[in-house]
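# Observations on the model geometry
Now for the letters of each chain:
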Amino acid sequence: MISPRIRTLVFLLVVSAGSSILSSCVAPDDTSNLPKEDATTAAARKEMVGLSEADVRMCAGFPTATADAERGQIWTYQRTVQRGNLNVVIPTLAVGAIPTVGGSLNVDPGGYCNTQIRMVDGRVAEVAYAGDNNTPNHRDALCVSTVDGCVAYARQRHQVRTGAISR
């Protein structure tokens with residue numbers, strides 16, 4: 001027969017080992033080289049090139065800020081993303097000589113994205129992203145809301161120009 005005290009110690013060891021294993025699986029969003037760039041933001045880097053200033057205003061709205069650059073301007077679209085939070089706090093437990101077990105877990109903190117669009121001679125020449133804009137699975141994923149409409153707009157304009165609209 002196992003005493004209740006030993007059962008408690010075994011339980012605490014199992015919980016401690018389990019939490020150690022889970023915590024070792026977490027990769028920080030901005031330092032991991034494993035996540036791939038979000039498909040929409042990657043497409044925007046290519047498909048938005050050539051859109052006019054009016055086209056960008058139609059699909060992304062007016063920029064939050066502008067700065068003069070060589071032969072044109074850089075338009076910045078700033079987006080703050082409030083993602084759902086899950087905070088779990090594990091109380092600190094100490095039993096005799098067993099080390100302290102406890103801590104907290106925070107999933108999906110908020111982030112922000114600055115989408116920069118370089119305009120040269122009135123047309124998009126380059127699209128870049130900056131900020132705390134990664135998710136655990138994708139780089140630049142928090143920037144999708146800025147460029148997704150422009151990717152669809154650019155594809156639609158391309159279909160109209162090439163006559164490739166299917167009905």
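Residues numbered from 1 in each chain as written. Predicted model: local features only at pLDDT ≥ 70, side-chain atom pairs only at ≥ 80, totals over all residues. Heavy atoms only, no water.

Attention now goes to the nonpolar core. Nonpolar side chains in soluble globular proteins tend to be buried together. With 21 residues, the main nonpolar core has Met48, Leu51, Val56, Ile117, Val124 and Tyr129 as its most contacted residues. Within the residue set of this core, elements represented by two or more residues are α2 (39-47), α3 (53-60), β3 (72-81), β6 (111-120), β7 (123-130) and α4 (144-162). The element best represented in this core is α4, accounting for five residues. Excluding residues that lie within four positions of it along the chain, Met48 makes contacts with Ala43, Ile117, Val124, Val127, Val147 and Cys150. (Core = buried A, V, L, I, M, F, W, Y, C linked by side-chain atoms within 4.5 Å. Buried < 20%, exposed > 50% of the residue type's maximum accessible area, 1.4 Å probe, protein only. Helix = DSSP H or I, 4+ residues; strand = E, 2+ residues; numbered from the N terminus. Contact = heavy atoms within 4.5 Å.)

With that settled, the discussion passes to the state of the cysteines. Per the counting criterion, the structure on display carries two disulfides. Linked covalently through their sulfurs, Cys59 and Cys150 form a disulfide whose S-S length is 2.0 Å. Note on the Cys59 and Cys150 pair: the S-S dihedral is about 90°, so by sign convention the disulfide is right-handed. Pair noted here: Cys59 is in helix α3 and Cys150 is in helix α4, with a separation of 91 residues, a long-range link. Across the pair, Cys150 and Cys59 agree in class, each one buried. Each sulfur of the disulfide joining Cys113 and Cys143 lies 1.9 Å from the other. Taking the sign of the torsion about the S-S bond as the criterion, the disulfide between Cys113 and Cys143, at about 105°, is right-handed. (Disulfide = S-S within 2.5 Å.)

Here we take up the pattern of salt bridges. By the definition in use, this model includes seven salt bridges. Among the salt bridges present, the one from Arg45 reaches Glu37, with a minimum N-O distance of 2.8 Å. Salt-bridge contacts for Arg57 lead to Glu53; the nearest nitrogen and oxygen are separated by 4.0 Å. Highlighted residues: Arg57 and Glu53, both in helix α3, separated by four residues, approximately one helical turn. What makes Glu53 partly exposed here is its relative accessible area of 25%. By sharing partners, the salt bridges in this structure join Glu37, Arg45 and Asp140 into a single network. (Salt bridge = Lys/Arg side-chain N within 4 Å of Asp/Glu carboxyl O.)

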